[in-house]
Amino acid sequence: MNAGNPRVLVVDDQELIRTGFRLILTARGIDVVGEAADGAEAVQVAAALEPDVVLMDIRMPGMDGLEATRRILERRPECRVLMLTTFDLDRYVYAALRIGASGFLLKDVTADHLANAVRLVGTGDALLAPSITRRLVERFANQEDVAPRTDATITGLTPREREVLTLIGRGMSNAELAAALFLAEATVKTHVARIFTKLALRDRAQAVVVAYESGLITPGDPDT
């Protein structure tokens, strides 16, 4: 993956939005390799073109963006998906985070924010600020149709790794973790990498979800 110039697939049932996003990204040197108007087409085009980043509308007729994201990531786990939505506390965004989406963008995003977001997830990072992820989790983690994770999810973590995961869930960066735990930042990065490997996490957005759903953090806990 070329982090500075990721190859992008734009998926939205509105042609005007697809065209607008394509123009914005190409004007900033980002390669838009294809477009799709629904989820089923997105799965096919993603398989054929193998984009680095998919901008995925959540709500589309036929196969929606959530199912399309699931299928794309099952086939190509290295692909990054940014969900497109009209409002931030969207339960489908939360569901998308659980299956591996790397963040979301509001459809009225500014041109520069759009380009910066695509480049950010192209590096393998998550777009969502932990505070926004927490709001999503606190709103939707206890919905009846969302199966909570059990403590068994994190039984393979060491006590230190549980501590690190808890602090990730509270929104701390690696530098902040290092300061809080009196560790070298390189050591923190090693702990984070091991946590991600053990729990099969893609990025910090998913880590926040797991920290809540496994009970390390509960809604209303302080940030620090």
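Residues numbered from 1 in each chain as written. Predicted model: local features only at pLDDT ≥ 70, side-chain atom pairs only at ≥ 80, totals over all residues. Heavy atoms only, no water.

## As for the sheet that holds strand β5 (residues 103-106)
Moving on, step 1. Taking strand neighbours across the sheet as the criterion, the five strands line up as β2-β1-β3-β4-β5 in an open arrangement whose pairing is parallel. At either margin of the open sheet sits one strand with a lone partner, and together these are β2 (31-36) and β5. Geometrically, the sheet is characterised by an average inter-axis angle of 25° between neighbouring strands, direction not taken into account.
Moving on, step 2. In the sheet, strand β1 (residues 7-11) pairs with strand β3 (residues 53-57) via four bridges, with the strands oriented parallel. Each residue of the ladder has a partner; that of Val 8, found in β3, is Val 53.
Moving on, step 3. Helix α5 (residues 111-122) rests against β1, β3, β4 (80-85) and β5 of the sheet, and its axis sits at about 125° to β3. (Pairing = 2+ DSSP bridges. Helix = DSSP H or I, 4+ residues; strand = E, 2+ residues; numbered from the N terminus. Axes fitted to C-alpha atoms, helices over the stretch in contact; angles between N-to-C directions. Contact = heavy atoms within 4.5 Å.)

## Considering the pattern of salt bridges
Moving on, step 1. Counted by the stated rule, this structure contains eleven salt bridges.
Moving on, step 2. The shortest N-O distance in the salt bridge between Lys 107 and Asp 57 comes to 3.1 Å. Placement of the pair is Lys 107 in the loop between β5 and α5 and Asp 57 in strand β3, with a sequence separation of 50 residues.
Moving on, step 3. The class for Asp 57 is buried, based on a relative accessible area of 3%.
Moving on, step 4. Glu 163 serves as the salt-bridge partner of Arg 160, at 2.9 Å between the closest nitrogen and oxygen. Separated by three residues within a single helix, Arg 160 and Glu 163 lie in helix α7 (residues 159-169), roughly one turn from each other.
Moving on, step 5. The structure contains a network of salt bridges with shared partners spanning Asp 12, Asp 57 and Lys 107. (Salt bridge = Lys/Arg side-chain N within 4 Å of Asp/Glu carboxyl O. Buried < 20%, exposed > 50% of the residue type's maximum accessible area, 1.4 Å probe, protein only.)

## Looking at the environment of Val 121
Moving on, step 1. Residue position: Val 121 is located in helix α5.
Moving on, step 2. Given a relative accessible area of 0%, Val 121 falls into the buried group.
Moving on, step 3. Through-space distance from the C-alpha of Val 121 to that of Cys 79 is 9.5 Å; in sequence the pair is 42 residues apart.
Moving on, step 4. Setting aside its immediate chain neighbours within four residues, Val 121 contacts Val 53, Arg 80, Leu 82, Ser 102 and Leu 127.

## Side note on the packing of α7 against helix α9 (residues 185-199)
For any two helices packed against each other, the geometry is given by the interaxial angle and the distance between the axes.
Moving on, step 1. In contact at an axis separation of 10 Å, α7 and α9 are set at 95° when each is read in the N-to-C sense. In this view, α7 runs roughly perpendicular relative to α9, as classed from their interaxial angle. On the side of α7, the interface is formed by Arg 160, Glu 161, Val 164, Leu 165 and Ile 168, while α9 contributes His 191, Val 192, Arg 194, Ile 195, Lys 198 and Leu 199.
Moving on, step 2. Here the contact of α7 with α9 is composed, by residue class, of six nonpolar, one polar and four charged. (Parallel < 35°, antiparallel > 145°, perpendicular 65-115°, else oblique. Nonpolar A, V, L, I, M, F, W, Y, C, P; charged D, E, K, R; others polar.)

## A short note on the nonpolar core
General note: in soluble globular proteins, nonpolar side chains tend to be found buried as a group.
Moving on, step 1. Val 11, Met 56, Met 83, Leu 165, Leu 177, Ile 195 and Leu 199 are the most contacted members of the largest nonpolar core, which totals 51 residues.
Moving on, step 2. Grouped together as the second largest cluster of nonpolar side chains are 19 residues, Ile 17, Leu 84, Val 121 and Leu 127 included. (Core = buried A, V, L, I, M, F, W, Y, C linked by side-chain atoms within 4.5 Å.)

## Details of the environment of Ile 72
Moving on, step 1. Residue position: Ile 72 is located in helix α3 (residues 65-75).
Moving on, step 2. Look at Ile 72 and you get buried, because its relative accessible area is 4%.
Moving on, step 3. Spatially, the C-alpha atoms of Ile 72 and Gly 39 are 9.8 Å apart, while their sequence positions differ by 33 residues.
Moving on, step 4. Beyond its immediate chain neighbours, meaning those up to four positions away, Ile 72 contacts Ala 42, Val 43, Ala 46, Met 56 and Cys 79.

## Side note on the environment of Ile 30
Moving on, step 1. Tracing the sequence through the fold places Ile 30 in the loop between α1 (15-27) and β2.
Moving on, step 2. Among the residues examined, Ile 30 registers a relative accessible area of 2% and is labelled buried.
Moving on, step 3. The residues contacting Ile 30, other than those within four sequence positions of it, are Asn 5, Pro 6, Val 8, Leu 25, Ala 115, Val 118 and Arg 119.

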